[in-house]
Amino acid sequence: MAEVIKATIEFVLSNFSLSFLVIGLLFALVAMARAPRPLRSHDVIEKLLAWHVFWSIGVCFLYNFVMHGFFGKMSAAFIGWADSPFQFEVATASLGFSVVGFLAAFRSFDLRLAAILGASLFSLGAAAGHIYQMLTQHNFAAGNAGVVFYTDILIPVFGGVLLWLWWRSRGGRPAAVASGRAD
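The text that follows walks through the structure, step by step, so that each part is easy to find. What you are looking at is a predicted structure, and each value in this text was computed from that prediction instead of being measured.

It is worth spelling out the nonpolar core at this point. Grouped together as the largest cluster of nonpolar side chains are 14 residues, with contacts concentrated most on Leu49, Val53, Ile57, Ala115, Ile116, Leu163 and Trp166. Those elements giving two or more residues to this core turn out to be α3 (41-70), α6 (109-137) and α8 (147-169). Among the elements that line this core, the one with the most residues is α3, at 5 residues. Here Ile116 is in contact with Leu49, His52, Val53, Ile57, Gly159, Gly160 and Leu163, once residues within four sequence places are set aside.

Attention shifts here to the packing of helix α5 (residues 86-104) against α6. Direction vectors running N to C along α5 and α6 enclose 155°, while the axes themselves pass 8 Å from each other. Between α5 and α6, the interaxial angle falls into the category roughly antiparallel. In this structure, α5 meets α6 at a crossing whose hand is left-handed. Each of Val90, Ala93, Ser94, Phe97, Val100, Gly101, Leu103 and Ala104 in α5 lies in contact with α6, whose residues at this interface are Leu111, Arg112, Ala115, Gly118, Ala119 and Phe122.

Looking at where His130 falls in the secondary structure, it is placed in helix α6. Ignoring any residue separated from it by four or fewer positions in sequence, one finds His130 in contact with Gly143, Asn144, Val148, Phe149 and Asp152.

We now examine the side chain of Asp43. If you trace the backbone, Asp43 turns up in helix α3. Taking the relative accessible area as the measure of exposure, Asp43 reaches 17% and is therefore buried. Separated by 2.9 Å, the side chains of Asp43 and Arg40 make a polar contact.

Rules used in this analysis
- Residues numbered from 1 in each chain as written.
- Predicted model: local features only at pLDDT ≥ 70, side-chain atom pairs only at ≥ 80, totals over all residues.
- Heavy atoms only, no water.
- Core = buried A, V, L, I, M, F, W, Y, C linked by side-chain atoms within 4.5 Å.
- Buried < 20%, exposed > 50% of the residue type's maximum accessible area, 1.4 Å probe, protein only.
- Helix = DSSP H or I, 4+ residues; strand = E, 2+ residues; numbered from the N terminus.
- Contact = heavy atoms within 4.5 Å.
- Axes fitted to C-alpha atoms, helices over the stretch in contact; angles between N-to-C directions.
- Parallel < 35°, antiparallel > 145°, perpendicular 65-115°, else oblique.
- Left-handed = near helix turned anticlockwise from the far one by under 90°.
- Polar contact = N/O pair within 3.5 Å; in protein donor to acceptor, adjacent residues only side chain to side chain.

Worth remembering: the numbers are spatial, not functional.
Structural data, given as structure tokens:
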């Protein structure tokens, strides 16, 4: 049993981007369950979007900041790279995305758009780097070619779909969040 627990913890922490995506979905489901009835489609999208930005950008990039900033050697090894001073640059960029994610989570469409767009460009660029490393260096380390690679693509796509659905549900109006709350 201890080995199963250890393996589960390792999977959750090593695949943090997937873990935080799932946690965000769970928080959104709880928020929907607690919401007044009837629950409109816009309310569902609002809760999914708010908790996605909070967890998949705010918390996820904070975790990335901690890992690259304080555990750089371990993070580099996980990705299949040598430790480098660039770890600090990845850490500080991640901290910036995290702060914007936390600020935007329960705010206006425009702030959420900025949070998702900035973090998505970073993640999609990382995915392109992972592909390059796989093709040229045959780097298939878990942190380069595993779940992290796929979530570097999935999370921006999911965030973009949520933004589009939010915009569409409001009739294409860039209004601020009506309630200001996602719970």
